[in-house]
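One-letter residues, chain by chain:
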Amino acid sequence: MQVYAYSATERGIRERNASNIAVERANRLAAQRAAFEAELAERERIVKIRAEAVERAQAYARELKAAGFRYRPTIADIERKAIRVFGITKAELHSNRRHRRVSFARQFVMYWAVRLTPLSLPQIGRLMGGRDHTTCMHGSSVYPQKRELMGRFLKPVR
């Protein structure tokens, strides 16, 4: 029969290392707390920077408005809005898919691009994935009709 010292048994090793484990756990928690506090401080700094940027942008917009300048969105701005509102991707917007949701978003972009940008119908068609100008004419004329069925009356296109 072999006799082992208590310090060599699993229980003895655990008791001997219990203090080391507690110290390691405390160090890990302290590191996590420090990382969390650093992340919170970074988020607060970003919020402050964004608030300052918004204030500067609003002041600049007031100056431009007072000077007589008018904001004109680009077709990229209109596409970003459509992507966010309709929950589709830019690839879907420019694709050949004929799914109702995608085609309605496409018609949305075409209507507002015709209304708000100085681009011609062929230019809008090219930017919308190589479409013909007649597709843009159709999309920009059908969109107000569809919105009318939803209870929203829009001006006709130019």
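Residues numbered from 1 in each chain as written. Predicted model: local features only at pLDDT ≥ 70, side-chain atom pairs only at ≥ 80, totals over all residues. Heavy atoms only, no water.

Draft legend 1. Broad picture of the side chain of Ser95. Relative to the helices and strands, Ser95 resides in the loop between helix H3 (90-94) and helix H4 (100-116). Judged by its relative accessible area of 19%, Ser95 is buried. (Helix = DSSP H or I, 4+ residues; strand = E, 2+ residues; numbered from the N terminus. Buried < 20%, exposed > 50% of the residue type's maximum accessible area, 1.4 Å probe, protein only.)

Draft legend 2. Region of interest: the confidence of the model for the protein chain. Looking at the protein chain as a whole, its pLDDT mean stands at 90, while 94% of the residues score no less than 70. Across the protein chain, helix H2 (residues 75-86) holds the top mean pLDDT of 96, while helix H1 (residues 10-67) sits lowest at 90. (pLDDT = per-residue confidence, 0-100.)

Draft legend 3. Seen up close, helix H6 (residues 133-149). Relative to the 24 Å expected for 17 residues at 1.5 Å per residue, H6 spans 25 Å between its end C-alpha atoms, a close match to the ideal helical length. Tucked into the core, H6 has its buried residues touching H4 and helix H5 (121-127). Of the residues flanking the end of H6, it is Gly151, one or two places downstream, whose phi is positive at about 100°. (Expected span 1.5 Å × (residues − 1). Contact = heavy atoms within 4.5 Å.)

Draft legend 4. View of the nonpolar core. Within the largest apolar cluster, 21 residues are counted, with the highest numbers of intra-cluster contacts made by Phe86, Phe108, Val109, Trp112, Ile124, Met128 and Tyr143. Counting residues per element, the ones that place at least two in this core are H2, H4 and H6. Element by element, the count of residues in this core is highest for H4, at 10 residues. (Core = buried A, V, L, I, M, F, W, Y, C linked by side-chain atoms within 4.5 Å.)

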